[in-house]
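Residue-level structural notes
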Amino acid sequence: MRQAPSFPPALLVVAIAVALSAALLPATAAMPPGEGETVGVESVMAYPTPAPPALSQLPEHSEHIANYRIDVRLLTEEKELVGTQTMSWTNTSSDQIEELWFHLYWNAAKNDQSTFMKEMTGSGGGGRGAGIEEWGWIDVERIELADGTDLMPTFEYMQPDDDNADDQTVFRVRLPEPLGPGEQAVLEMDWTSRIPKGFARTGYYNDFFFIVQWFPKIGVYENGAWNCHQYHAPTEYYADFGVYEVTITAPQEYQIGATGKRMSERDNGDGTFTVTHYQEDVHDFAWLADRDVIVVEDRFEEPGLHPVDIKLFLQPEHAHYGDRYLTATRHALHYFGTWYGSYPYDVLTVVDPQPGSTAGGMEYPTLFTGGAAYWNPEWVLSPEGVTIHEFGHQFWYGLVANNEFEHAWLDEGFNSYSETKIGEIAYGPALPAYQVAGLNFQRFVPVNLSAIPVIPLPPWRGRGTDAVAFFRDLALITFPGGVGQGAADQHRRGYLEGPTADQMERDGWDFFTRSSYGLNSYPRPAAFLEMLESYFGEELWGRVMRTYHERWRFRHPTGRDFLAVVNEVTGEDMTELFEQVVWGSGLFDYGVDYLITDTTPEEVYVSQVAVRRYGDVVFPVELLVTFEDGSTQTEQWDGKYRWKKFQYERPVPVSRAEIYPGRPLWLDANLTNDGAIAEPTDVAAKRLTMTYLFWLQNVLHWFSLFA
Amino acid sequence: MSVEKSEFDDQMGRGTSSPGALQPSVLGAMWWGIRRAWQNKAVIFWLWLINLSVALFLVAPLYAMIYDHTALSTSAEQLGSGFTATWWTDFSFAEGAALAAWQGSLWVAGAFYLVLHVLLAGGVLAFLYSDQRFPFWARFASSCGIYFGRFFRLVLISLVFYGVVFWIDGLLFEMVERLSDNGGLQPQAWWGHLIRSVVIVALFFSVSLLFDYAKVRTVVRDSRSMIIETARTLGFVLRNAPRVATLYLLLVSVGAALMAAYWGSSRVIEGTGAGLLALFVAQQTYVAARIWLRLATWGGAMSLYRGLTARRLAARQD
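One numbering rule holds for all chains: residues counted from 1, following each sequence as written. As they are written, the chains are lettered A onward and the ligands numbered 1 onward, keeping that order. For a predicted model such as this one, the threshold for reporting local features is a pLDDT of at least 70, and the threshold for listing and counting side-chain atom pairs is 80 or more; totals across whole chains, interfaces and linings nevertheless cover every residue.

Before going further, it helps to examine the overall build of chain A. Check the secondary structure of chain A and you find 13 helices and 32 strands. Whether a residue is buried, exposed or partly exposed is read from the other C-beta atoms within 10 Å of its own C-beta, which are placed from the backbone; 20 or more gives buried, 12 or fewer gives exposed, and intermediate counts give partly exposed. Put simply, chain A has 707 residues, and 53% of those count as buried. Our contact criterion uses C-beta atoms placed from the backbone: two residues qualify when those atoms are within 7 Å. Restricting the contact set of chain A to residue pairs at least 6 apart, pairs at least 24 apart contribute 71%. Helix and strand assignments come from DSSP, with helices taken as H or I runs of at least 4 residues and strands as E runs of at least 2, each series counted from the N terminus.

All right, on to the overall build of chain B then. On a plain count of helices and strands, chain B comes out with eleven helices and zero strands. Along chain B, helices (α) and strands (β) appear in the sequence α-α-α-α-α-α-α-α-α-α-α when read from the amino end. Reported as C-alpha extents along the three principal axes, the dimensions of chain B are approximately 80 × 60 × 35 Å. Per-residue burial for chain B yields a buried fraction of 39% across its 318 residues. In chain B, the share of contacts with a sequence separation of at least 24, taken over all contacts with a separation of at least 6, comes to 76%.

By a frequent convention, interface size equals the accessible area lost on bringing the separate parts together. Counting from both sides, the interface comprises 73 residues of chain B and, opposite them, 69 residues of chain A. Looking at the side of chain B that touches chain A, the elements with two or more residues in it are α3 (41-70), α4 (75-79), α5 (85-94), α6 (96-129), α7 (137-179), α8 (186-221), α10 (241-268) and α11 (274-317) of chain B. Broken down by element, the side of chain B that touches chain A gets its largest block of residues, 13 residues, from α3 of chain B. Side-chain classes are defined by residue name, with Ala, Val, Leu, Ile, Met, Phe, Trp, Tyr, Cys and Pro counting as nonpolar, Asp, Glu, Lys and Arg as charged, and the others, Gly among them, as polar. Taken together, the residues of the side of chain B that touches chain A sort by class into 42 nonpolar, 25 polar and six charged.

Before going further, it helps to spend a moment on the environment of T154 of chain A. All names here are of chain A. Positionally, T154 belongs in the loop between β5 (137-145) and β6 (156-157). For T154, a count of 15 C-beta atoms within 10 Å puts it in the partly exposed group. The spacing of T154 and F171 is 17 residues in sequence and 9.8 Å in space, taken between C-alpha atoms. Excluding residues within four positions of it along the chain, T154 makes contact with V173 and R174.

Residue and element names in this part refer to chain A. Pairing within the open sheet is antiparallel, and its three strands lie in the order β26-β27-β30. Sheet topology places β26 (590-599) and β30 (643-650) at the edges, where each strand pairs with a single neighbour. If you compare each strand with its neighbour and ignore which way they point, the axes differ by 15 degrees on average. Here a strand pair is declared whenever DSSP counts at least two bridges between the two strands. Where β26 lies against strand β27 (residues 605-613), nine bridges are found, and the strand directions are antiparallel. Paired with L595 across the two strands is V609, which belongs to β27. Fitted lines through C-alpha atoms give the axes, limited to the stretch in contact for helices. The angle between two N-to-C directions lies from 0 to 180 degrees.

The interhelical angle for the contact between helix α7 (residues 487-495) of chain A and α5 of chain B, taken along N-to-C directions, is 10 degrees, at an axis separation of 9 Å. The pairing of α7 of chain A with α5 of chain B is recorded here as roughly parallel in orientation. Within the contact between the two elements, α7 of chain A uses D489, R492 and R493 of chain A and α5 of chain B uses A85, T86 and T89 of chain B. Considered class by class, the residues forming the contact of α7 of chain A with α5 of chain B number one nonpolar, two polar and three charged. Orientation labels follow simple angle bins: below 35 degrees gives roughly parallel, above 145 gives roughly antiparallel, 65 to 115 gives roughly perpendicular, and whatever is left gives oblique.

Our next topic: α8 of chain B. Expected helix span is given by 1.5 Å per residue-to-residue step, counting one fewer step than there are residues. Between its first and last C-alpha, α8 of chain B extends 51 Å over 36 residues, near the 52 Å set by a 1.5 Å rise per residue. Directly beyond the C-terminal end of α8 of chain B, a positive phi value near 50 degrees is found at D222 of chain B.

Pairs of packed helices are described in terms of their axes, by the angle between the two and the distance that separates them. Closest axis-to-axis distance for the helix α13 (residues 683-704) of chain A/α6 of chain B pair is 8 Å, and the angle between their directions is 50 degrees. The pairing of α13 of chain A with α6 of chain B is recorded here as oblique in orientation. Helix-helix and strand crossings are classified by hand; for α13 of chain A and α6 of chain B the assignment is right-handed. Residue-level inspection shows L700, F703 and S704 of chain A of α13 of chain A in contact with α6 of chain B, the latter providing G110, Y113, L114 and H117 of chain B. Residue composition of the contact of α13 of chain A with α6 of chain B, grouped by class: four nonpolar, three polar and no charged. Rotating anticlockwise by less than a right angle from the far helix to the near helix defines a left-handed crossing, while the corresponding clockwise rotation defines a right-handed one.

Moving on, we come to the pairing of strand β19 (residues 294-302) of chain A. Residue and element names in this part refer to chain A. Side chains I294, V296, D298, F300 and E302 project from β19 onto a buried face, and the interleaved V295, E297, R299 and E301 project onto a face without burial. Alignment of β19 against strand β20 (residues 305-314), held across eight bridges, turns out to be antiparallel. Across the sheet, residue V296 finds its bridge partner in β20, namely L312. If you look at the hairpin formed by β19 and β20, you'll find two residues sitting between the two strands, and G304 has a positive phi there, around 90 degrees.

Let us now look at the environment of D95 of chain A. Residue and element names in this part refer to chain A. Mapped onto the elements of the fold, D95 is located in the loop between β3 (80-90) and β4 (97-103). Assessed through the 15 C-beta atoms surrounding it within 10 Å, D95 is described here as partly exposed. Separated by 93 residues in the primary sequence, D95 and E188 place their C-alpha atoms 23 Å from one another.

With that settled, the discussion passes to the confidence of the model for chain A. Should pLDDT be low for a region, the predicted coordinates there are not to be read in detail. Residue and element names in this part refer to chain A. Considering every residue of chain A, the mean pLDDT works out to 86; 83% of them sit at 70 or more. Segment residues 123-127: pLDDT under 50, and eleven contacts once partners within four positions in sequence are set aside and those in other chains are kept. Counting contacts from residues 433-482, a segment whose pLDDT is below 50, to residues more than four positions away or on other chains yields 128 contacts. A residue's pLDDT is simply how confident the predictor is in it, with values from 0 to 100.

With the exception of glycine, most residues fall at negative phi, and the peptide bonds are largely trans. In this structure, the amide linkage connecting S382 of chain A to the following residue, P383 of chain A, adopts the cis form with an omega of 25 degrees. Of note, F554 of chain A is a non-glycine position whose phi angle comes to about 65 degrees, a positive value. As for its position among the elements, F554 of chain A is in the loop between α10 (538-552) and α11 (559-570). Residue classification places F554 of chain A among the partly exposed positions, given that 19 C-beta atoms sit within 10 Å. The backbone of D222 of chain B shows a phi angle near 50 degrees, a positive value even though the residue is not glycine.

Here we take up the sheet that holds strand β29 (residues 632-637) of chain A. The strands making up a sheet are joined through hydrogen bonds of the backbone, oriented either antiparallel or parallel. Residues and elements named next belong to chain A. Pairing within the open sheet is antiparallel, and its four strands lie in the order β29-β28-β31-β32. The sheet is open, and its two edges are formed by β29 and β32 (675-677), each paired on a single side. Here the strands of the sheet are splayed against their neighbours by 15 degrees on average, with no regard to which way each runs. Across three bridges, the pairing between strand β31 (residues 654-659) and β32 is antiparallel.

Okay, the environment of D90 of chain B next. The residue D90 of chain B is located in helix α5 in this model. Setting aside its immediate chain neighbours within four residues, D90 of chain B contacts N670, L671 and T672 of chain A.

Residues and elements named next belong to chain A. Summarising the sheet, β20 and strand β21 (residues 347-351) pair through five bridges and their orientation is parallel. Paired with L312 across the bridge in β21 is V350. Taken together, β20, helix α3 (residues 322-340) and β21 form a β-α-β motif whose crossover is left-handed. Classification remark: right-handed applies to a crossover when, strands pointing away from the viewer, the course from the first strand over the helix to the second runs clockwise.

Structure (structure tokens):
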């Protein structure tokens, strides 16, 4: 992903930037080998605890429903792919199947009338197709059954989602005879593709070809129908597991990286070479061809976890990121493996995409892309953050393969939850980044200034106000020590940007806005999982997550499947909560409304605590009441009516009352009122106001410099 | 001879003739400026008090908001000794509208403060130029009045210059983007934008510096036409660019040292309980030091301008 260069000038800051860059760049930019070379690196990393054994037997293989053997030639000058594929598909349902449905994702880039492109101009804009520079498409030229029956006469574009007749991202063919349960159809296809430029994290950029969603790909037959959605701007993908054997021919000066294990490589003697990759138990296949790239090889080995050969494709100008990519990948392999179950494949390909391409930050089976600005010091966790996130999708999408069109929260939300946890453990709490002249200054700003109220500044020619923001906020360096945002805080803040616009689980293209889709797919479910962890405790929640992963590895779960695991492992019925949060859009907000104490003539204190449900979501409330002598009493409330009052007559008054103390319900829209004290204090107001006062004095002084 | 004397007076004005007031050397001018500002702490005190008063006025509603939000909450205990992102999230969402209104008021306050300092700048520069020390309220007040209109016009002219700087920034931005294939060539983009930033910052500093000298000249020469004064100041600054820039950068480095000193002390002082008072004292000392440095910058500029001009006139007489 390209990092925006951004910003207007920032006076002193840039002087600091120059000094820093001079001081730090040489130290971090030690170039490994020359371009195009392949090197091996040592992998040494110790973790405090080894991976625990699985709670149950992990499935070793998926069903092999959709299997592909593809032979493709990359024409770099023409920007074309010429492919032949043999695909077998097994009917695992009990139905008689009369037609087969396929995705042709690249046809979304065929013109501006595709559903994808129309959605691009709708609410939200941006997204994966932003900035397309050249159209792309895929033409299917031949479809035959293995016995030679031509299916092209039955070829028909379908628009199951919106009846947009101009959309050609889905087609179907009719079978001459219905396919019975357990029977297999084998199809031969020829197709030609035009490779798009700057589209949906695929296509080409200069001599970098990133080829994903590139072949006619069969949909998923489930619940008596084909689940084969058109390509939509915000959504991702869904496919059955199978076996992929892909043979790629490309000009010799290119390096090829791809899903799966390399089985063979040969020089064709005509300036091209051919490689074959093979992988079982995956539901997609991605590959890249790049001319100027460094390939670094590493091996992950750890007791209790499956060994993995890692191959990193690194842009020459990012050579200094090699160790950082690999370290982050190893952290991810360790923690995901330890928490949920070992990464089962022998190989993993990490791609640092060419800057300027649209390929950054995306996941495919056994392959994912990262991306970073030219130079980030180590305290700026880029490329680490994106590396851990995209690796995480090997688990939440790759192995536990939910339908990303319909249940995006199950992969993005789960992955955000997991990723930030790993980031926090491995690298510490997240701190906001301030980019000035391509440099990040986050460690210099010890509080989350991106959220502190500041003078609102209009965007500077649409490039943001980061440098101005930094300069402006410099004055706020007052809190001793740094305060970062914990994982749960990050998610909660994101979710509260629009907590009631949509429900969490919904067709990805049918959210109120694009940002609502994002909010309900990433931070809201992540905050929900944090809340459940907080509620059940780390140990029990860890078992829930592990059980869910183990049970649904190599399968297609839905939100209800996850709920069933939660209920089973915890022994509590959480259905009502899920109905309100996952399939509802109510606000979650409980709080202690007041805590008052009176004295009677008999010197007995009468204390009253009122708890209220300010939001819509109903959830049982546990209240810890503490008395002045340190004694406590725990109260339970079903949370159903709007309020509940508790009264105590004791020789000592109530000093504080807290809802789930130490176990914040992270979906709660206001956690500050979840704990009340009897005696008002101005300590926080004084301390924080003093900080603001100092900041204001500095801001005013800057104004005076123009006088 | 009388003509030469008149020209000298015209160029040098009738300001302080204290030792060192006319310094053609950079270090001498800086030292004079620093001392001159330090000699009259009353000016610094009053400017600091104005700064604190305006800031207190602005921050009062924020105190009320934070108090209402935390006074009866257990989160006050955490906030009394640290900071929690959780609280901040709650506060910013709960008080979003009020905070937005408060932020908007800062622009108004900033504009007011700027105009106020345009007014005060006349008095301050007149004081730096004079032999007098505080109290000299009558002269201070009359100088504020005398120069307010001229300095305000200088601010308006300076806005044109700052506008040109931002326009150049836009041009350079587009150039770097073009040369770096819209950022696709990352090293080129990174270095290009870094160089662009350095250029723009240098220009920004230059404008600020230029108008500092324009104000100095206006007071020294009692000039009336600010456009002509700006043009002549530009000539002066260009002729003496190395000295002028060195003086400016030296004073900027003093400012950086002050900032580092404050930053270091804020790391050491525990910002809770009694430490809160210590932190407050450190903060106010830092603000006062910045005001002192501002005065020292003007004083240094005045000394250097007068010293260089005197030397030039003397050379012409010879």
